[in-house]
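# Fold and geometry: a report
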Amino acid sequence: MEAVVEGLWSLAEEAELRRDYGAAAKCLESLLQCGASLLPLVEIRTRLRLAHLLLSRSHNLNHAKAHLERALLLLSSARSAALHLKLSAHSLLARCYHLIGAIPSQKHILLRALDLLSSSAAGGSLPPAATLLWSANFYSHLASTLVIDGDHPGALSALSSGFGAAEELRSSELQLFFAASALHVHLLHWEDPPSVEATVRRCLELWESIPFDQRQHYIGLFFYNELLQTFYLLRICDYKGAAQHVEKLDAAMKSEQQKVQHVKELIAELNSVNRSLFQSNLQRRDRLSLYEKQGQLQEQLRMATGVDSANKLLDLDDKLLLAPPPMDGEWLPRGAVSALVDLMVVMLGRPKGVFKECGRRIQSGLQLIYEELAKLGVVDGRREVDLQHSAIWMAGLYLMLLMQFLENKVAVELTRSEFVEAQEALVQMKDWFVRFPTILQGCESTIEMLRGQYAHSVGCFHEAAFHFTEATKLTESKSVQSMCHVYAAVSYICIGDAESSSKALDLVGPVFRIMDSFVGVREKTCIIFVYGLLLMRQHNLQEARVRLASGLKIAHQQLGNIQLVSQYLTILGTLALQLHDTGQAREILKSSLTLAKTLYDVPTQIWVLSVLTALYREIGERGNEMENSEYERKKEDDLQKRLSEAHSRIHHLELIEKVMVKVQPLHEVAIRKAIAGPSAKVDLDIPESVGLPFPQPAASASRLGEFDLVRRGKMKM
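Just so we're clear, the structure is a prediction, and the values are computed from it rather than from any experiment. (Residues numbered from 1 in each chain as written. Predicted model: local features only at pLDDT ≥ 70, side-chain atom pairs only at ≥ 80, totals over all residues. Heavy atoms only, no water.)

### Concerning the pattern of salt bridges
Rule in force here: When a carboxyl oxygen of Asp or Glu lies within 4 Å of a side-chain nitrogen of Lys or Arg, that pair is called a salt bridge. In this text, helices come from DSSP runs of H or I with a minimum length of four residues, and strands from runs of E with a minimum of two, each type numbered from the N-terminal end. Using a 1.4 Å probe on the protein chains alone, a residue whose accessible area is under 20% of its type maximum counts as buried, one over 50% counts as exposed, and one in between counts as partly exposed.
Using the criterion set out here, one finds 34 salt bridges in the structure. Residue Lys-259 is joined to Glu-256 by a salt bridge in which the shortest nitrogen-to-oxygen separation is 3.8 Å. Highlighted residues: Lys-259 and Glu-256, both in helix H12 (residues 239-277), separated by three residues, approximately one helical turn. You can call Lys-259 partly exposed: its relative accessible area is 25%.

As structure tokens, then:
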């Protein structure tokens, strides 16, 4: 029987190396069919191996769960069982419970594992280093569970315990893993800014403490830490600092993709050699030559990856690992991290008007996401009720990224006055939401906000105000609500009558009083802008000038949003003209026109040109007035052509109508199934190793920062 066991285990391992996971599972299942003739420890080991295979390489979570629960039952009565088997069983079962959404069971098994570890440590059953590593593993999973439960202080406490274990191990990379995870929790639950800043500094110091020549072996940790640093800097509106991190991320991702391609080629060649060695009719000389080649390829792979185990190479092209065994966790799949880096490039490039590069990154990101969704069975016609349970989390992850890319595409196209393209991207967002309403529930407010932006851009101000108002009802975020109030106020100002101006004032007044309470200055600059417009409407020109000048300074120095700067300059130029400061008005308006041209922002160009025409008329420069007026007329014709094309499209009325997006109600069971995945209450920010599925990323808060709505309104102050 011992020979049978060793033979089937070997065959299973060889099948895994060939990536024939079905064959590997059959070998292990065949062994389990031997029944009573198996020794308990053999059955335990086999069930653990098979469960790990099912969790990693299939959607068969129920079978994995059954094998793990049976193994744990056998372990409870097998006194001679090695402690590491019991710990492995607890760890795998906790992971399984997480994947099926059984959070109370996951928490229970983790606490039981920590008790087991504590009692075994007292008895000296494990070496101290192994005890600390297992403690770190269970504390990281426990933190994940507590975050899902909304117990952020408890999660931070668990991560602190894990960090303590990493300190005892004197492992800088493991300390960084726990510090970065703590930063992640802080970003999700921003309560204590000094603690957040301290955690940011700790992460930077820990990364610097890792020897330079060893950092290449912690590439997953690098991406995790750098992206969290980027999210933090975007949150506090330090765009220059964020840009430096994104440059490093982009360069590292390009290098990593080249390395992965090289490793794939080496693995393919090694697999070919391994297959040849299985041939029974090989000559001795050929076999020796193949063994030599095999050794060379294995050494090249070891040098390229830092990985010694052939089994670990199986996941190398898929995973960006964050921590050493027994954790081996990843935050997001490699493809998702690549897409997220592209998204960060877009989010930083869009406010600067780098639209060509943004378009290229949006296209590459969308293509990658569509490919990954297709692998998960998310193809035309499929809805969230059709997803396999184990695919819900991953599908939700890519769907949220998809919505982020489409949202940025809408924003880019509206800025460039490409209304038809913006319309098409927004319709795609709406269609995806209708198909996956539970997973994408957190996007409903964003879709309404974008419908408002589209309606405003094409001159439908009443409809725009409606959609912005509805968007505020669909979110609990004070920041998003404030921005939607600001957007709605701009639409009311553009309507132009006394009643609408009063509504605008009612919206802006409350947010103006709390504008200094927000993290960063994104909301403040936009609120000051609209408040300045209202002051001008009230003919309070001097105070408007002071307010707008302060807002312009913040927008220019901290946000780097040239569209917002252009609009600030246009308003200030208009003010200067009304105050008869024609010299300053001319300089300001020329600067604004240059920025608007950089952005291909036709409405703002027309706005600036109309003010310049009035300026030339006032100072008597008839030639410049006529030339400017003619250029303005051409731009008006261009804009009207674009607007007419957008209005004629079939989806135009559907997008602007004062009706919320209608979603087909799901069957109760289907709702439960979908909620077990990444619902509206989760966030891209949470790594798999800290365990949570995700709602919208903290980084996405910056999407509301680009104030691009005062575009169609010709403000005659």
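The structure having been displayed, the exposition proceeds.
### Notes on the UniProt feature "coiled-coil region" (unreviewed entry) in the protein
Quick reminder of the rule: UniProt positions are given in the numbering used here, feature names are shortened, and annotations may be inferred rather than shown by experiment.
In the numbering used here, UniProt assigns the feature "coiled-coil region" (unreviewed entry) to residues 246-273. For residues 246-273, helix accounts for 100% and strand for 0%, while the C-alpha atoms at its two ends are 40 Å apart.

### Comments concerning helix H22 (residues 498-513)
Cut-off, in case you're wondering: To estimate the expected span of a helix, subtract one from its residue number and multiply by 1.5 Å. Contacts: residue pairs with any heavy atoms within 4.5 Å of one another. In protein, a polar contact means a hydrogen-donor-capable atom and an acceptor-capable atom, both N or O and within 3.5 Å, with residues adjacent in sequence counting only if both atoms are side-chain atoms; elsewhere, any N or O pair within 3.5 Å suffices.
When the terminal C-alpha atoms of H22 are compared, their 23 Å separation across 16 residues agrees well with the 22 Å that a helix rising 1.5 Å per residue should span. For H22, the set of buried residues is Ser-500, Ser-501, Ala-504, Leu-507, Val-508, Gly-509, Val-511 and Phe-512. Residues of H22 that are buried sit in contact with helix H21 (478-495), helix H23 (522-537) and helix H24 (541-559). In this structure Asp-497 caps H22, since a side-chain oxygen of it lies 3.3 Å from the backbone nitrogen of Glu-499.

### Things to note about unusual backbone geometry
One non-glycine residue, Cys-237, lies in positive phi territory at about 65°. By the element assignment, Cys-237 lies in the loop between helix H11 (219-235) and H12. Here Tyr-600, not a glycine, exhibits a phi torsion of approximately 55°, which is positive. Within the fold, Tyr-600 resides in the loop between helix H26 (582-598) and helix H27 (602-619).

### Some points on the packing of aromatic side chains
The geometry of an aromatic ring pair is captured by the separation of the ring centres together with the interplanar angle, meaning the angle of the planes. Where we set the bar: Classification of ring pairs uses Phe, Tyr and Trp, with its six-membered ring standing for Trp, and accepts pairs whose centres are within 6.5 Å; under 30 degrees between planes counts as stacked, over 60 as edge-to-face, and the remaining range as tilted. Two conditions define a charge located above a ring, namely a distance within 6 Å from the ring centre to NZ of Lys or CZ of Arg, and an angle within 35 degrees of the ring normal.
One pass over the structure, following the stated rule, counts 10 aromatic pairs. Measuring from centroid to centroid gives 5.6 Å for Trp-207 and Phe-222, while their planes differ by 45°, and the two rings are tilted. In this pair, Trp-207 sits in helix H10 (residues 193-209) while Phe-222 sits in helix H11, placing the two residues 15 residues apart along the sequence. Taken as a pair, Trp-207 and Phe-222 share a single burial class, namely buried. A connected cluster of aromatic rings, assembled from ring pairs, spans Trp-207, Phe-222 and Phe-223. In this arrangement the basic side chain of Arg-202 is found over the ring face of Phe-163, its NZ or CZ atom lying 4.4 Å from the centre. Across from the ring centre of Trp-432, 4.5 Å away, lies the NZ or CZ of Arg-435, which sits over that ring.

### Remarks on H24
Compared with an ideal rise of 1.5 Å per residue, which puts 19 residues at 27 Å, H24 spans 25 Å between its outermost C-alpha atoms and is within 8% of the ideal. Buried residues in H24 make contact with H12, H23 and helix H25 (562-578). Gly-560 sits one or two residues past H24 and shows a positive phi near 65°.

### Quick word on the packing of helix H1 (residues 2-17) against helix H2 (residues 21-32)
Spelled out, the test is: Lines fitted to the C-alpha atoms define the axes, with helices restricted to the stretch that makes contact. Angles between their N-to-C directions range from 0 to 180 degrees. Roughly parallel means an angle under 35 degrees; roughly antiparallel means over 145; roughly perpendicular covers 65 to 115; every other angle is labelled oblique. Each helix crossing is assigned a hand: it is left-handed if the near helix lies turned anticlockwise from the far helix by less than a right angle, otherwise right-handed if that turn is clockwise. Three categories are distinguished: nonpolar for Ala, Val, Leu, Ile, Met, Phe, Trp, Tyr, Cys and Pro, charged for Asp, Glu, Lys and Arg, and polar for the others, with Gly belonging to the last.
Between H1 and H2, whose axes approach to 7 Å, the crossing angle comes to 165°. By the criterion of interaxial angle, the relationship of H1 to H2 is roughly antiparallel. As for the relative orientation of H1 and H2, their crossing is left-handed in sense. Where H1 approaches H2, its residues Val-4, Val-5, Leu-8, Trp-9, Leu-11, Ala-12, Ala-15 and Glu-16 are matched on the opposing element by Tyr-21, Ala-23, Ala-24, Cys-27, Leu-28 and Leu-31. For the contact of H1 with H2, the residue count by class is 13 nonpolar, no polar and one charged.

### Description of the environment of Gly-162
Take Gly-162: it is sitting in helix H8 (residues 152-169). Taking the C-alpha atoms as reference points, Gly-162 and Ala-179, 17 residues apart in sequence, are found 9.4 Å from one another. What Gly-162 contacts, discounting residues up to four positions off in sequence, is Tyr-139 and Phe-178.

### Focus on the side chain of Arg-451
By secondary structure assignment, the location of Arg-451 is in helix H19 (residues 444-457). For Arg-451, a relative accessible area of 1% corresponds to the buried category. Excluding residues within four positions of it along the chain, Arg-451 makes contact with Leu-426, His-467, Glu-654, Leu-655, Ile-656, Glu-657, Val-659, Met-660 and Val-661.

### Re the environment of Cys-203
Secondary-structure assignment places Cys-203 in helix H10. Exposure remark for Cys-203: the relative accessible area of 0% places this residue in the buried category. Spatially, the C-alpha atoms of Cys-203 and Phe-178 are 9.2 Å apart, while their sequence positions differ by 25 residues. Those residues within four positions of Cys-203 in sequence are excluded, and the remaining contacts are Leu-176, Ala-179, Ala-180, Leu-183, Asn-225 and Gln-229.

### Some details on the nonpolar core
Applied cut-off: In these notes, a set of buried Ala, Val, Leu, Ile, Met, Phe, Trp, Tyr and Cys residues joined through side-chain atoms within 4.5 Å is what counts as a nonpolar core.
Within the largest apolar cluster, 223 residues are counted, with the highest numbers of intra-cluster contacts made by Phe-223, Leu-340, Met-344, Trp-432, Leu-440 and Tyr-454. Here this core gets 14 residues from one element, more than from any other, and that element is helix H17 (residues 392-415). When residues no more than four places from it in sequence are discounted, the contact partners of Trp-432 are Tyr-370, Leu-373, Val-378, Leu-399, Leu-402, Met-403, Leu-406 and Leu-440. If you look at the next biggest cluster of nonpolar residues, it comprises 11 residues, including Leu-266, Ile-267, Leu-277 and Leu-282.

### Quick look at the confidence of the model for the protein
Where the model shows low pLDDT, its predicted coordinates should not be examined in detail. Stated formally: A residue's pLDDT is the confidence the predictor assigns to it, expressed on a 0 to 100 scale.
Looking at the protein, the pLDDT average stands at 86 and 90% of residues meet or exceed 70. pLDDT under 50 marks residues 667-717. Its contacts with residues more than four places away, or in other chains, come to 198 contacts.

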